[in-house]
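# Results of the structural survey
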Amino acid sequence: MLRQPAYLRALVFCGLIGIPVSLVAFWFLVLLHELEHLLWVDWPQHLGWTQPPWWWPLAPALVSGLLVAQIVVRFPGRGGHIPAAGLHAGGTSKAALPGVVLAALASLPLGAVLGPEAPLIALGGGLALLFRDLVRAPATKASTALLGAAGAAAAISAIFGSPLVAAVLLMEVAGVGGPQLFAVMLPALLSSGVGAIVFTGFGHWTGLQTGSLRIGLPAPPTLDTGDVVWSLLMALVIGVGVHWVIVGGRSAARSVAAHPLRNTLMCALAAGGCAALYTGITGRSPSEVALSGQNTLSQLASHPHAWSVGSLVAVVLLKSVAYALCLGSLRGGPVFPALFLGGAVGALLAPLPGFGVAPAMAAGMAAASAAALRLPVSCVVLVVLLVGNSATVPVVVLAAVVSFVTVELLPQGPDIPPLRVTARRDSRPALPEA
């Protein structure tokens, strides 16, 4: 294949489109960040509050629900994929790009408990096809799939900060290898996780010194028996919990499909109400329940003891409810809220005998993301790069496998029906899907 001129031209073109797609993705993320900071930090401080008051999330939720409902009904592509359906690779047309961007801007900065990864995948894939048509390159089925995946990978690497995560994620999302991929990779992941304990150490076992890849950094502490045992049990519980959150999101999507305008608004307001209730109960910022949780996760990892047990319980429960509501109604991605929920559960359970904060949060993040995405390999790579601690790799792998197997054995949630749009008086045809 590498010797075929058509494939070589496509490879060069994919490398070239990575430049503009990455730049657009970067500035899109900058815009989201600035809007979020303006709404949740600057404006409350300008009005004299150190943090948003309890009622603050309700107004953005109202605006978000109204805007997203109109975008979904009136724009081509319905504003992008429904988050409760998981991540999708490609399939975004050029005509759907405005709706995808506007729906993300109307959801994410205004408090939706979703991340930017799904809009980025759609944005990158759509831009790649747009650039192909601008240069009048041949439009074939194979080139559409190839360029769509390349553009999506270039865009998604902007948020994860690693081309490795983007490549592995798109491979799993696109289903490369089909069901056989999971049949082969799950045993490989499981055995590698168990085998890694032999080299990293376990309890009083100091591990075997491989040494060939060591670059002189201080060796991290070895795992304890409690770290492994509690991680496995926690992964089982998190897998079940996150699975039912996703099922709740699919149920919310069914209600929105039946009555998009009314139920999108109701779900958005209910999610904002969860954030308001959290502040009323704990006195902490409502942004800890609202938004994706990306910034809050880093704060939690840096200062886990600054959170009381009651605050951790409240944020896990209320953010889970808000997450399910947003999965079925607004537009965004499922990754970062799942990572935060897993990290919060890990911090909550870290005081268990023999359980450390680092392995607890790492295993929790792996379990929650694997349950939400059903992409165990991608979740392992992502969490390992996020945590940056080689000692936690075995529990990350084991937790992801246990959680993934758990959710695969549970009854699956309801299917998401196509959106029901009432015909308008002008009898214009229904808008095409993305």
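Read on for an overview of the structure. (Residues numbered from 1 in each chain as written. Predicted model: local features only at pLDDT ≥ 70, side-chain atom pairs only at ≥ 80, totals over all residues. Heavy atoms only, no water.)

### A look at the overall build of the protein
What the protein contains, in helices and strands, is 15 helices and 0 strands. Across the 434 residues of the protein, 49% fall into the buried class. In the protein, once contacts between residues fewer than 6 apart in sequence are set aside, the share between residues at least 24 apart is 78%. Working note: accessible area of the protein is about 19,700 Å², and carbon and sulfur atoms make up 70% of it. (Helix = DSSP H or I, 4+ residues; strand = E, 2+ residues; numbered from the N terminus. Buried < 20%, exposed > 50% of the residue type's maximum accessible area, 1.4 Å probe, protein only. Contact = heavy atoms within 4.5 Å. Areas by Shrake-Rupley, 256 points an atom, 1.4 Å probe, with all protein chains shown as cover.)

### So, helix 12 (residues 335-349)
For helix 12, with 15 residues, the first-to-last C-alpha span of 22 Å sits near the 21 Å given by 1.5 Å per residue. Where burial is concerned, most of helix 12 is hidden: 13 out of the 15 residues are buried. (Expected span 1.5 Å × (residues − 1).)

### Here we look at the packing of helix 11 (residues 309-329) against helix 12
The description of two packed helices rests on the angle between their axes and on the distance between the axes. Following both chains from N to C, one finds helix 11 and helix 12 inclined at 155 degrees, their axes separated by 10 Å at the closest point. The orientation of helix 11 with respect to helix 12, classified from their angle, is roughly antiparallel. Of the two elements, helix 11 crosses helix 12, and the hand of that crossing is left-handed. Of helix 12, the residues touching helix 11 (which contributes Val309, Leu312, Val313, Val315, Val316, Lys319, Ser320 and Tyr323) are Pro337, Ala338, Phe340, Leu341, Ala344, Val345, Ala347 and Leu348. Class assignment for the residues of the contact of helix 11 with helix 12 results in 14 nonpolar, 1 polar and 1 charged. (Axes fitted to C-alpha atoms, helices over the stretch in contact; angles between N-to-C directions. Parallel < 35°, antiparallel > 145°, perpendicular 65-115°, else oblique. Left-handed = near helix turned anticlockwise from the far one by under 90°. Nonpolar A, V, L, I, M, F, W, Y, C, P; charged D, E, K, R; others polar.)

### Remarks on the nonpolar core
Soluble globular proteins: nonpolar side chains tend toward being buried together. Counting residues in hydrophobic clusters, the biggest one holds 109 residues, and the most contacted among them are Ile156, Phe160 and Tyr323. Here the element with the most residues in this core is helix 13 (residues 357-373); it accounts for 12 residues. Not counting the four nearest positions on each side in its chain, Tyr323 is found in contact with Val113, Leu114, Val245, Ile246, Pro334, Pro337, Ala338, Leu341 and Ala372. The next biggest cluster of nonpolar side chains, apart from the first, holds 6 residues, and it includes Phe13, Cys14, Leu129 and Leu147. (Core = buried A, V, L, I, M, F, W, Y, C linked by side-chain atoms within 4.5 Å.)

### Observations regarding empty space enclosed by the protein
Scanning the entire structure with this criterion turns up 3 cavities of 30 Å³ or more. Reported here for the largest cavity is a volume of approximately 130 Å³. What lines the largest cavity is a set of 16 residues, among which Gly80, His81, Ala118, Pro119 and Gly332 lie closest to the centre. Of all the elements, helix 4 (residues 117-134) adds the most residues to the lining of the largest cavity, at 4 residues. Partitioning the lining of the largest cavity into residue classes produces 9 nonpolar, 6 polar and 1 charged. Lining the second largest cavity are 16 residues, with Ala61, Leu110, Gly111, Ala112 and Gly272 positioned closest to its centre. Sorting the residues of the lining of the second largest cavity by element identifies helix 2 (58-74), helix 9 (260-282) and helix 11 as the ones contributing at least two each. With 4 residues, helix 9 is the largest single contributor of residues to the lining of the second largest cavity. (1 Å grid on protein atoms, 1.4 Å probe; cavity = no way out; pocket = protein on both sides within 12 Å on 5 of 7 lines; lining within 4 Å. Points joined across faces, edges and corners; volume = space filled by probe spheres on them.)

### Points about the environment of Gly115
Within the secondary structure, Gly115 is located in the loop between helix 3 (97-107) and helix 4. Take Gly115: its relative accessible area is 0%, and that puts it in the buried class. If we skip the residues at most four places from it in the chain, Gly115 touches Leu108, Ser292, Gly332, Gly333, Phe336 and Pro337.

### Remarks on a nonpolar patch on the surface
Where nonpolar side chains cluster on the molecular surface, the patch consists of Leu47, Trp49, Trp54, Trp55 and Leu58 and spans about 510 Å² of accessible area. With respect to the secondary-structure elements, Trp55 resides in the loop between helix 1 (5-46) and helix 2. Residue Trp55 is classed as partly exposed on the basis of its relative accessible area, which comes to 39%. (Patch = residues over 30% accessible without salt bridge, like charges linked within 9 Å, V, L, I, M, F, W, Y side chains within 5 Å. Salt bridge = Lys/Arg side-chain N within 4 Å of Asp/Glu carboxyl O.)

### Thoughts on the packing of aromatic side chains
Here the structure, examined in full by the defined rule, presents 4 aromatic pairs. An angle of 40 degrees between the planes, with centres 5.8 Å apart, marks the rings of Trp55 and Trp56 as tilted. Residue Trp56 is classed as buried on the basis of its relative accessible area, which comes to 9%. By the ring-pair criterion, three or more aromatic residues cluster together here, those being Trp49, Trp55 and Trp56. The ring of Trp307 carries Arg284 above its face, with NZ or CZ at 4.1 Å from the centroid. (Phe/Tyr/Trp six-rings, centres within 6.5 Å; stacked < 30°, edge-to-face > 60°. Lys NZ or Arg CZ within 6 Å of the ring centre and 35° of its normal.)

### So, the side chain of Glu288
You can see Glu288 is positioned in the loop between helix 9 and helix 10 (294-302). Reaching out from Glu288, the side chain makes a polar contact with the side chain of Tyr278 at a distance of 2.5 Å. In terms of polar contacts, Glu288 uses its side chain to reach the side chain of Arg284, at 2.9 Å. (Polar contact = N/O pair within 3.5 Å; in protein donor to acceptor, adjacent residues only side chain to side chain.)

### What to know about the pattern of salt bridges
According to the stated counting rule, one finds 2 salt bridges in the structure shown. Close ionic contact of Arg284 with Glu288 constitutes a salt bridge, the shortest N to O distance being 2.9 Å. Owing to a relative accessible area of 8%, Glu288 belongs among the buried residues under this scheme. Glu408 is the salt-bridge partner of Arg374, the closest N and O atoms lying 3.1 Å from each other. Here the residue Arg374 occupies a position in the loop between helix 13 and helix 14 (376-387), and Glu408 occupies one in helix 15 (residues 393-409), the gap between them amounting to 34 residues. On the basis of relative accessibility, which here comes to 22%, the residue Arg374 falls in the partly exposed class. Here Glu408 falls in the partly exposed class, since its relative accessible area comes to 40%.

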